[in-house]
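Chain residues, written in single-letter form:
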Amino acid sequence: MPRVRFAPSPTGYLHIGSARTFIFNWLYARHNQGTMILRIDDTDVERNTQTSLDSIYDGLKWLDLNWDEFYRQSERLDLHRRMAREILDKGLAYRDFSPMVAEIEEKSHEDGHWLFNPEMRGMSTEESDRKAAAGEPFVVRFKVPRESREAVEFTDLVYGEQSKATADIEDFALLRSNGMPTYHMASCADDADLTISHVIRGQDHLTNTFKHILIFEALGVKPPEFAHLPLLIAPDGAKLSKRKHGPVVSVTTYRDGGFLPHSYVNFLCLLGWSPKNDREVMSREELVAAFTLEGVNRPNATVNFTEEDPYDPKATWLNAEHLRALPIEELAAQLLPFARAAGFDASPEKMLAITPLIRERIRTLREVATTADFFFADELPPYDSNELIPQKGDARMALAVLEKATEVLKSAEFTHDGLDAALRAAATDMKVKTGQMYQPVRVAVCGRKVAPPLFETLIVLGRETCLHRMERAIEQLPAGEIS
RNA sequence: GGCGCUAUCGUCUAACGGUUAGGACAGAGCCCUCUCAAGGCUUAAAUACGGGUUCGAUUCCCGUUAGCGCUACCA
């Protein structure tokens, strides 16, 4: 039974790349009847925030993603320290009493690659113990076995055979001078203790993996399998970041933008993974059934957003697809809060009546605001009365048509067939094309030319509202041109 | 700088040595039609470059270039 984990550090809101990492872990676990573990990697006390933690929970909840076990690293510090101590005692690590380098830049400016401080690495155990006992601050560093071993190797389930010369791995820290474990130490200690079988994470950790293998081996533990995921990048080629790309990197942007949680999960899955059979619109069950690590691609994937449109067009299209696949009742229920947020006095009944009319005209839930507005307005907002004039017609025709239609609507049966027959007959009667009949009526009741099909719209609006709006339209007609 | 990873239409991707290099989104056009959508059809659009290996390379190897990642007492 595989055991996988998603281990975010609560230092920002839930990033879409993190969300995807969770999803791939989750799909792997569900596909293989394994265990999904959520582990909060909060060893960096300075940068952790409760807001960030809340955002992670909110995002996962919205996406309807669950987990089977939960841990917080901050509650497991004893374990991390004990394991670090174990490595130190085995002589596989050493204390480094060098003062902390203030400037991060300092090291990177050096030409060569910093590996270790010979003085510290070579210090005798006695002296090291004495200095430690005297209270001198130190970090514990892993003693990378450059003499005894040529390279560290492993097989990545996505990227294949990996190898790195020990000569290229620096003596990384295990414990900070304040006693807190570093990410490498805490992560490996927990992965070992929680018997994680597969570590599925971003490719930015690929080169860290060599260090992690060293830690597992020092602990006398068999390393888990590793599967690294291609990164999500912005159209400008850079890694997605809030500072540079703004809210597009947050999952809440999509939630607030009216995306269905599952369609968004579907979209994220298609970034860096493919079922290899051209399937794109997939249910959650289908994703679980189709997901394998072999299907994960190696190149980074671009999230295609622009200044004008923060949403990837494919995400929008997928959302429209899922929207249409929803039962009317379900869609109406999803639409309701967005309608209310737009300031509409929306009742569930009315929403249910409108939903079939807009279902194929909206791509996101939020578009209910611009697509269904006239259904909810008591009084239509001002519109250009010239729009009432039919194609190849004039104000005189508009007036005639509107008056005729008003008569028809007073008595017509308010059903699709009833309205169709009555209005069509009226058009024939007046010797105008049906379009010349329908368009003025549409503008009169909707306040614009672009709207759902006319008869259904009239039915939902009801006879009374329709007649009122027709009356208002006739009043608004450009008077001068009529006589 | 060092080390690592990657490279197919604008974007997401398929083709695990032999295809007219396929699909989807976005774009263009046509059809359908009471407008707008939805739907149908059509169209344009790619193997980064240079060497090998091979009867044959998108596919395997090497190099170049480019992008990304790591190189912290961040994760």
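Numbering of residues starts from 1 in every chain and runs along the sequence as written. Whichever chain is written first becomes A and whichever ligand is written first becomes 1, with later ones labelled in order. Under the rules for a predicted model, residues below a pLDDT of 70 receive no local features and side-chain atom pairs below 80 are neither given nor counted, while totals for whole chains, interfaces and linings still include all residues. Working from all heavy atoms in the structure, the side-chain values ignore hydrogens and water.

1. Some words on the environment of I215
In step 1: Under the DSSP-based scheme used, a helix requires at least four consecutive residues in state H or I and a strand at least two consecutive residues in state E, with every element numbered from the N terminus. Looking at the secondary structure, you find I215 in helix α8 (residues 208-218).
In step 2: Judged by its relative accessible area of 0%, I215 falls in the buried class.
In step 3: Sequence separation between I215 and C188 is 27 residues; the distance between their C-alpha atoms is 6.9 Å.
In step 4: Those residues in contact with I215, other than ones at most four positions away along the chain, are I87, F142, F172, L174, H184, M185 and C188. Relative accessibility under 20% of the residue-type maximum defines a buried residue, over 50% an exposed one, and the middle range a partly exposed one, all with a 1.4 Å probe and only protein chains included. By definition in these notes, contact holds between two residues if any of their heavy atoms fall within 4.5 Å.

2. Re the domain arrangement of chain A
In step 1: Domain start and end points were adopted from an automatic or database domain assignment. As far as domains go, chain A holds domain 1 (3-70 + 188-232), domain 2 (78-175), domain 3 (242-322), domain 4 (327-374) and domain 5 (385-481).
In step 2: On a C-alpha basis, the centres of domain 3 and domain 4 stand 24 Å from each other.
In step 3: Contacts between domain 3 and domain 4 engage ten residues on the former and seven residues on the latter.
In step 4: Overall, the association of domain 3 and domain 4 removes approximately 630 Å² of surface from exposure, summing both partners, and the carbon and sulfur fraction of that is 62%.
In step 5: Here's the idea: put two parts together, see how much 1.4 Å probe accessible area each one loses, and the total over both is what we call buried area. Counting the surface domain 3 buries against domain 4, the share from its top three residues, G258, L260 and T316, is 45%.
In step 6: For this analysis, a salt bridge means a side-chain nitrogen from Lys or Arg found within 4 Å of a carboxyl oxygen belonging to Asp or Glu. Along the contact surface separating domain 3 from domain 4 lie zero salt bridges.
In step 7: N or O atoms within 3.5 Å of each other form a polar contact, as long as, within protein, one can give a hydrogen and the other can take it, and as long as residues adjacent in sequence are counted only when both atoms are side-chain atoms. For the interface between domain 3 and domain 4, the tally reads two residue pairs in polar contact (both at pLDDT 80 or more).
In step 8: If you list the elements that add at least two residues to the side of domain 3 that touches domain 4, you get α10 (251-256) and α13 (313-325).
In step 9: Ranked by residue count, the leading element in the side of domain 3 that touches domain 4 is α13, at three residues.
In step 10: Gly counts as polar in this scheme, as do all residues outside two lists: the nonpolar Ala, Val, Leu, Ile, Met, Phe, Trp, Tyr, Cys and Pro, and the charged Asp, Glu, Lys and Arg. Here the side of domain 3 that touches domain 4 is composed, by residue class, of four nonpolar, four polar and two charged.

3. Points about the protein's contact with RNA strand B
In step 1: Think of it this way: one heavy atom of a residue within 4 Å of a molecule or strand is enough to make that residue near it. Residues in close proximity to RNA strand B total 66 residues, the closest being R176, K276, E280, E360 and R442.
In step 2: Considering the 4 Å shell around the protein, atoms of RNA strand B inside it are sugar or phosphate in 70% of instances.
In step 3: Here a phosphate oxygen of RNA strand B sits 2.8 Å away from a polar atom, N or O, in the side chain of R141.
In step 4: Within the backbone of L454, one N or O atom sits 3.4 Å away from a base nitrogen of RNA strand B.
In step 5: Mapped onto the surface near RNA strand B, the elements with two or more residues apiece are β5 (139-142), β7 (160-165), α7 (183-193), β12 (301-302), α13, α20 (434-446) and α21 (454-461).
In step 6: Sort the elements by how many residues they give to the surface near RNA strand B and α13 lands first, with five residues.
In step 7: Across the surface near RNA strand B, the residue classes break down as 21 nonpolar, 21 polar and 24 charged.

4. Re the nonpolar core
In step 1: The biggest cluster of nonpolar side chains holds 59 residues, and the ones touching the most others in it are M351, M437 and L458.
In step 2: No other element matches the nine residues that helix α18 (residues 395-411) contributes to this core.
In step 3: For this core, the domains that each give at least three residues are domain 4 (327-374) and domain 5 (385-481).
In step 4: Not counting chain neighbours up to four residues away, the residues in contact with M437 comprise V401, K404, A405, L423, A426, A427 and V432.
In step 5: For this analysis, a nonpolar core means a set of buried residues of the types Ala, Val, Leu, Ile, Met, Phe, Trp, Tyr and Cys, connected via side-chain atoms within 4.5 Å. Within the second largest apolar cluster, 53 residues are counted, among which are F22, L65, L232 and A315.

5. Some points on α18
In step 1: Here the expected span of a helix is defined as 1.5 Å times the quantity of residues minus one. In a regular helix each residue adds 1.5 Å, so 17 residues correspond to 24 Å; α18 covers 25 Å between its end C-alpha atoms and thus fits that length.
In step 2: Turning to α18, its buried residues are A395, M397, A398, L399, V401, L402, A405, T406, V408 and L409.
In step 3: Of the surrounding elements, those touching the buried residues of α18 are α19 (416-430), α20, α21 and α22 (463-476).

6. Here's the deal with the environment of G34
In step 1: Secondary-structure assignment places G34 in the loop between α1 (16-31) and β2 (35-40).
In step 2: Note on G34: relative accessible area 13%, which makes it buried.
In step 3: Sequence separation of G34 and R47 is 13 residues, and the distance between their C-alpha atoms is 32 Å.
In step 4: Contacts of G34, omitting those with residues within four sequence positions, involve P2, A29 and D68.

7. A look at the sheet that holds β5
In step 1: The rule for pairing is simple: two strands pair if DSSP sees at least two bridges between them. Pairing is antiparallel across the open sheet formed by three strands, whose spatial order is β4-β5-β8. This sheet does not close on itself; its edge strands, each paired only once, are β4 (93-96) and β8 (173-175). Strand-to-strand twist in this sheet, taken as the mean axis angle between neighbours without regard to direction, amounts to 40°.
In step 2: Sheet analysis places β5 next to β8, joined by two bridges and oriented antiparallel. Across the sheet, V140 pairs through a bridge with L175, a residue of β8.
In step 3: Geometry is summarised by axes, namely lines fitted to C-alpha atoms with helices restricted to the contacting stretch, and by angles between N-to-C directions that run from 0 to 180 degrees. Against the sheet, helix α3 (residues 77-89) engages β4, β5 and β8, with an angle of about 100° to β4.

8. Description of the side chain of S187
In step 1: Within the fold, S187 resides in helix α7.
In step 2: The exposure class assigned to S187 is buried, which follows from its relative accessible area of 0%.
In step 3: Ignoring sequence-local partners within four residues, the contact set of S187 consists of R5, R39 and Q73.

9. What to know about helix α14 (residues 328-341)
In step 1: Here α14 is 14 residues long and its end C-alpha atoms lie 20 Å apart, about the 20 Å a rise of 1.5 Å per residue gives.
In step 2: Note that bend, as reported per residue, equals the angle between axes fitted to the 7 residues terminating at that residue and the 7 residues originating from it. Along α14, the sharpest kink reaches roughly 30°, centred on L335 and followed within four residues by the proline P337.
In step 3: For α14, the set of buried residues is I328, L331, A332, L335, L336, F338 and A339.
In step 4: Those residues of α14 hidden inside the fold are in contact with α10, α13, α15 (348-358) and α16 (368-371).
In step 5: Two residues or fewer past α14, G343 is found with a positive phi of approximately 90°.

10. Remarks on the packing of aromatic side chains
In step 1: Here the aromatic set is Phe, Tyr and Trp, taking the six-membered ring for Trp, and pairing holds for ring centres within 6.5 Å; pairs whose planes are under 30 degrees apart are stacked, those over 60 apart are edge-to-face, and all others are tilted. With the rule as written, the count across this model stands at 18 aromatic pairs.
In step 2: Consider the rings of Y254 and F259, whose centres lie 5.1 Å apart with planes at 65°: the pair is edge-to-face. We note that Y254, like F259, is buried.
In step 3: Note on W273 and F291: the rings are 5.6 Å apart at their centroids and 35° apart in plane angle, and the pair reads as tilted. One end of the pair, W273, is in the loop between α11 (261-269) and α12 (284-290); the other, F291, is in the loop between α12 and β12, and 18 residues separate them in sequence. Taken as a pair, W273 and F291 share a single burial class, namely buried.
In step 4: Cluster of aromatic residues (ring-pair linked, three or more members): W62, Y254, F259, Y264, F267 and Y311.
In step 5: If you follow R95 out to its NZ or CZ, it ends over the ring of F138, 5.2 Å from the centre.
In step 6: For a Lys NZ or an Arg CZ to count as sitting over a ring, it must be within 6 Å of the ring centre and within 35 degrees of the ring normal. Sitting over the face of the ring of W26, R284 holds its NZ or CZ atom 5.7 Å from the ring centroid.

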